[in-house]
Structures are given as structure tokens and as C-alpha cells.
Amino acid sequence: MIAALLFVAALAAEPAAVPPETAVSAPSPIADTDLREFAAIAGRKVAGRPVEGPYANADKVLLIRRDDKGYPVVAGSMGFPVRQSLPAPPAGTLAVVRLHQRSETVVPGPTTDDLAFVKANRLPLFVIGEWARPAPMWEVAWVDDAVRYRTIGEVGEIGPWRD
């Protein structure tokens, strides 16, 4: 509960300007190319940086929106407890980036919490693994009425969708 309040409170401090056409339209369940590229750059920039706050071992979370000119921006960033599902993001969020400090799955990739977030919110989630360099990245999205994910390579190459 406290984590959900911190999640929303972090955005209230400095709201990003959202163009009117973005404010009224629903976000796409699959990220646009520029959002995917921005998430890869912004997310990998924070990989390896320490998390400050009440959680000693936290995932980093970035909320992505568009500014008043239509460019992707980080609208909020915070630490979030490991192995906990993210709450629904604030209105206007177009994608979420979650950086895991260590792999929680047998085969590296999105966790069940990551898949559940996308299923509940129909919003793109980018998962980045901080346990390796270069940091591996996956895009999780609602595709063909199911949650699917694919790898995003360091130079932008995209793998096939998997269940």
C-alpha cells in the first residue's frame, strides 16, 4: 500500500506536460518505435546506479510520457520493492520501464509480476536486467489478446514475440 502511494506521489511533485491529443487517446498496448528506443536509452542509463529510499533492495521504475512537443520523457522515477506487482500507473503514462537488480526467473526474462502488470493495464512494460552487462532488455506487451514478450538488443534489434 505504501509503495503504491509513493508511486503516485512521485508524479504529483512534477507533472509532465501532455499534449491534448495524447491526453484524450488511450495508450497503445504495443509501444511506438520512438518510445521503445527512448526506453532502451533511458533505462540502460540508470542500470547500475544505486537506489535511494526506504527499500534496501529495490527495482527501479521509470514512467514514460510525451512532452508538449510529443517527444518521450521520463515523467517519474522511483524505487519499488522487489517481487511486488506494480500498481496501475497514473493517467497519461504510455510505457513503464522496470529494472530488476537480479534475475528472479530460471531463464532470464520478465517475471510473473511483470506479465501480470501488462495483463491488468494493457500498457507496454520494458524489463531491464541489471545483473549483466550489457543489460538485457525485454518488451512485454498485450498482443493478439495475450501477454507476450520479446528481446530488445543493445543496438535496437528486436526478437520475435513469445508467450
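In this text the structure is predicted, and so the values were computed from the model without any measurement.

Caption draft 1: Representation of the nonpolar core. In terms of nonpolar packing, the biggest core is built from 18 residues, with V97, L99, F126, I128 and M137 touching the most fellow members. For this core, the secondary structure elements donating two or more residues are α3 (33-46), β1 (58-66), β3 (95-100) and β4 (125-129). If one sorts the elements of this core by residue count, α3 sits on top with 5 residues. Beyond its immediate chain neighbours, meaning those up to four positions away, V97 contacts A39, G43, K60, V61, L62, I64, F126 and I128.

Caption draft 2: Region of interest: the packing of aromatic side chains. Inspection of every chain in the model, using the stated rule, returns 1 aromatic pair. Positioned above the aromatic ring of W142, the side-chain terminus of R122 is 3.5 Å from the ring centre.

Caption draft 3: Highlighting unusual backbone geometry. The omega angle of the peptide bond from R133 to P134 is -5°, so this bond is cis rather than trans. Among the structural elements, P134 can be located in the loop between β4 and β5 (137-143). The phi dihedral of D144 falls on the positive side, at around 50°, and the residue is not glycine. Among the secondary structure elements, D144 is positioned in the loop between β5 and β6 (146-151). Here the phi dihedral of D145 falls at roughly 60°; this positive angle occurs in a residue that is not glycine. On the secondary structure map, D145 appears in the loop between β5 and β6.

The rules behind these values
- Residues numbered from 1 in each chain as written.
- Predicted model: local features only at pLDDT ≥ 70, side-chain atom pairs only at ≥ 80, totals over all residues.
- Heavy atoms only, no water.
- Core = buried A, V, L, I, M, F, W, Y, C linked by side-chain atoms within 4.5 Å.
- Buried < 20%, exposed > 50% of the residue type's maximum accessible area, 1.4 Å probe, protein only.
- Helix = DSSP H or I, 4+ residues; strand = E, 2+ residues; numbered from the N terminus.
- Contact = heavy atoms within 4.5 Å.
- Phe/Tyr/Trp six-rings, centres within 6.5 Å; stacked < 30°, edge-to-face > 60°.
- Lys NZ or Arg CZ within 6 Å of the ring centre and 35° of its normal.

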